[in-house]
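Spelled out, the chains give:
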Amino acid sequence: MIKSGFYTIPASQAFADNLVTGIIDKFPEPDQIARIELYLPSRRAISSIKEAFFKHQNQGPILLPKMFAVGEPDEEVALNITIERLELDEAINQFERQCLIASQIQHFPIGGQRMAPAPAMKLASSLCMLIDQMQRAGTPLSAIRDVLPDELSTHWQEILKFLTILFDYWPSILAEREQIDPVARQQQLLQAQLDIWISHPPKSPIILAGSTGTLPMTRAFMKVISQLPMGAVIFPGIELDIEYTDWQAIKQDTVHPFYQIARTMVELELPLAEVRYWHLTEQSQNKSMRSRLILLREVMRPASRTSQWRKLAVDQTELSPSSLKGLKVMSVTDSFKEAELIGGLMRQVLETPNKTAMLITPDRTLARKVQAALMRW
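A short tour of the structure in this document, coming up.

1. Examining the packing of helix H14 (residues 335-349) against helix H15 (residues 364-374)
In step 1: Interhelical geometry of H14 versus H15 gives an angle of 55 degrees and a closest axis separation of 8 Å. Taken together, H14 and H15 sit at an angle that is classed as oblique. Remark: the crossing between H14 and H15 carries right-handed chirality. Touching Ser 335, Phe 336, Glu 338, Ala 339, Glu 340, Ile 342, Gly 343, Met 346 and Arg 347 of H14 are Leu 366, Lys 369, Val 370, Ala 373 and Leu 374, all from H15.
In step 2: Within the contact of H14 with H15, the residues separate by chemical class into eight nonpolar, two polar and four charged.

Structural data, given as structure tokens:
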């Protein structure tokens, strides 16, 4: 069984494998696993967890837990709620919404000419994505006005014409049709689930895993689930032996990978000391692995604390040459050769059965070049 509260799976562990191993360890009986409700960030995450469960088939048949994508609630599943007994507004069809916004776009001429249907539909698709993103973030469409400069160039004036559709025309169109946007209905479903949990706390295990709490609704889920009789929230990637001063610095470092989790924990009034590891493995306690973890933790120090690197020889006596085992540094003269080299290394991995490769880079241009290099295979 599990204790209610907050957990983490460190970055040194494969998240899906560690999550599943921990579930099987804490719930040894098949019927116990089947009673679990597991909430994940997306449908893609659900697929990864299913694959991790399949790896344990050699231990005997496993009944999978009920899995839901909290970021993409399924209308048919309705997050385990019977839709008929909920008072929910009707959502507009997504394609119909795009067509309606495209027709509005054609009322705003650019350079004295109305936009043709095809580009109007393409622009409407972008505006629909903007609507969805703002609603997921809990930001009203009218907030667009607040970020626009007072004196606009001609280019921005043209853009503003289309943006006025969102806060001057679109709300009235929805009100006339007595409908809401698809994401707004998803938010209603999520809130309905929270209301039911608060009024009737479930006795079965409820686990929210893999989310950083980027969206307000997700943070609300975290708060409620952590207070359920058998509720667990599992953050990705946190090493609990991080120094207190470093953790405080991360809260102010907006470009640090753990910044969002740190801010979420601030909003939840959750100190790092109250977070536990989900499942400790023998591998994580291995001495050579420990050395690598220390190296990675140093690499992840916030920028304002990198002066501590000068004292590594004194402060981190566990660091050894084994920390660098398997790491390579390769120099290239341009980005095209870099993409070719990465593509060749990734292709080479396929020669080993059951082995996979992943490219992690903040450079999207490089990622596209590597993808092009891989196309030859």
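And the narrative resumes.
2. Section: the pairing of strand S7 (residues 231-237)
In step 1: Within S7, seven of the seven residues are buried, which leaves the element mostly enclosed by the surrounding structure.
In step 2: Bridging between strand S1 (residues 5-10) and S7 involves six bridges; their strand directions are parallel. Directly across from Gly 5, in S7, lies its bridge partner Ala 232.
In step 3: As paired elements, strand S6 (residues 206-209) and S7 share four bridges and run parallel to each other. Its bridge partner lying in S7, Ile 207 is registered against Ala 232.
In step 4: Note that the unit made of S6, helix H9 (residues 216-225) and S7 has a crossover that is right-handed.

3. A look at the environment of Thr 361
In step 1: With respect to the secondary-structure elements, Thr 361 resides in the loop between H14 and H15.
In step 2: A residue is classified by how much of its surface remains accessible, and Thr 361, at 28% relative accessible area, is partly exposed.
In step 3: When near neighbours in sequence (up to four residues on either side) are disregarded, Thr 361 contacts Leu 366 and Ala 367.

4. Regarding the pattern of salt bridges
In step 1: Evaluation of the coordinates by the stated rule reveals 13 salt bridges.
In step 2: Note that Asp 241 is salt-bridged to Arg 297, the shortest N-O span being 3.1 Å. Placement of the pair is Asp 241 in the loop between S7 and helix H10 (244-250) and Arg 297 in helix H12 (residues 287-299), with a sequence separation of 56 residues.
In step 3: Connected via shared salt-bridge partners are Glu 243, Asp 246, Glu 298, Arg 301 and Arg 305.

5. A few points about the pairing of S1
In step 1: Most of S1 is tucked away, with six of its six residues classed as buried.
In step 2: Here three bridges tie S1 to strand S8 (residues 275-277), and the two strands are oriented parallel to one another. Its bridge partner being in S8, Thr 8 is matched across the sheet by Tyr 277.

6. Digging into unusual backbone geometry
In step 1: Residue Glu 178 is not a glycine yet carries a positive backbone phi of 55 degrees.
In step 2: If you trace the backbone, Glu 178 turns up in the loop between helix H7 (154-177) and strand S5 (179-180).
In step 3: Despite not being glycine, Glu 269 shows a phi value in the positive range, around 55 degrees.
In step 4: Tracing the backbone shows Glu 269 in the loop between helix H11 (259-267) and S8.
In step 5: Accessibility expressed as a relative area gives 70% for Glu 269, which makes it exposed.

7. Here we look at the sheet that holds S8
In step 1: Strand order in the open sheet formed by six strands is S3-S2-S6-S7-S1-S8, and the pairing between neighbours is parallel. A strand with exactly one partner marks an edge of an open sheet, and here the two such strands are strand S3 (66-69) and S8. Taken over all neighbouring pairs, the strand axes of this sheet differ in orientation by 25 degrees on average, direction set aside.

8. Observations concerning the packing of helix H8 (residues 182-199) against H9
In step 1: Taken N-terminus to C-terminus, the directions of H8 and H9 make an angle of 15 degrees; their axes are 11 Å apart at the nearest point. In terms of their interaxial angle, H8 and H9 are classed as roughly parallel. For the crossing formed where H8 meets H9, the hand is left-handed. Facing Gln 187, Leu 190, Gln 191, Gln 193, Leu 194, Trp 197 and Ile 198 of H8, the residues of H9 in contact are Met 217, Ala 220, Phe 221, Val 224 and Ile 225.
In step 2: For the contact of H8 with H9, a count of residues per class yields nine nonpolar, three polar and no charged.

9. Some points on helix H4 (residues 94-105)
In step 1: An ideal rise of 1.5 Å per residue puts 16 Å on 12 residues; H4 measures up with 17 Å between its terminal C-alpha atoms.
In step 2: All of the buried residues in H4 are Arg 97, Gln 98, Ile 101, Ala 102, Gln 104 and Ile 105. Each buried residue of H4 lies within a common arc of 155 degrees when the element is viewed along its axis, so the set occupies one face.
In step 3: A side-chain oxygen of the first residue of H4 lies 2.9 Å from the backbone nitrogen of Phe 95; this N-cap is Asn 93.

10. Some words on the nonpolar core
In step 1: Judged by nonpolar contacts, the single largest core of 29 residues is most densely connected at Trp 197, Phe 221, Phe 235, Trp 247 and Met 265.
In step 2: Looking at this core, the elements with two or more residues in it are H8, S6, H9, S7, H10 and H11.
In step 3: Per-element tally for this core: the top contributor is H9, with five residues.
In step 4: Discounting chain neighbours no more than four positions away, the residues touching Trp 197 are Glu 37, Tyr 39, Pro 202, Ile 206, Phe 221, Val 224, Ile 225 and Leu 228.
In step 5: If you look at the next biggest cluster of nonpolar residues, it comprises 25 residues, including Ile 24, Phe 27, Phe 53 and Ala 69.

What counts and what doesn't
Residues numbered from 1 in each chain as written. Predicted model: local features only at pLDDT ≥ 70, side-chain atom pairs only at ≥ 80, totals over all residues. Heavy atoms only, no water. Axes fitted to C-alpha atoms, helices over the stretch in contact; angles between N-to-C directions. Helix = DSSP H or I, 4+ residues; strand = E, 2+ residues; numbered from the N terminus. Parallel < 35°, antiparallel > 145°, perpendicular 65-115°, else oblique. Left-handed = near helix turned anticlockwise from the far one by under 90°. Contact = heavy atoms within 4.5 Å. Nonpolar A, V, L, I, M, F, W, Y, C, P; charged D, E, K, R; others polar. Buried < 20%, exposed > 50% of the residue type's maximum accessible area, 1.4 Å probe, protein only. Pairing = 2+ DSSP bridges. Right-handed = clockwise from strand over helix to strand, strands pointing away. Salt bridge = Lys/Arg side-chain N within 4 Å of Asp/Glu carboxyl O. Expected span 1.5 Å × (residues − 1). Arc of directions from axis to C-beta. Polar contact = N/O pair within 3.5 Å; in protein donor to acceptor, adjacent residues only side chain to side chain. Core = buried A, V, L, I, M, F, W, Y, C linked by side-chain atoms within 4.5 Å.

Function cannot be inferred from these measures alone, as they are strictly geometric.
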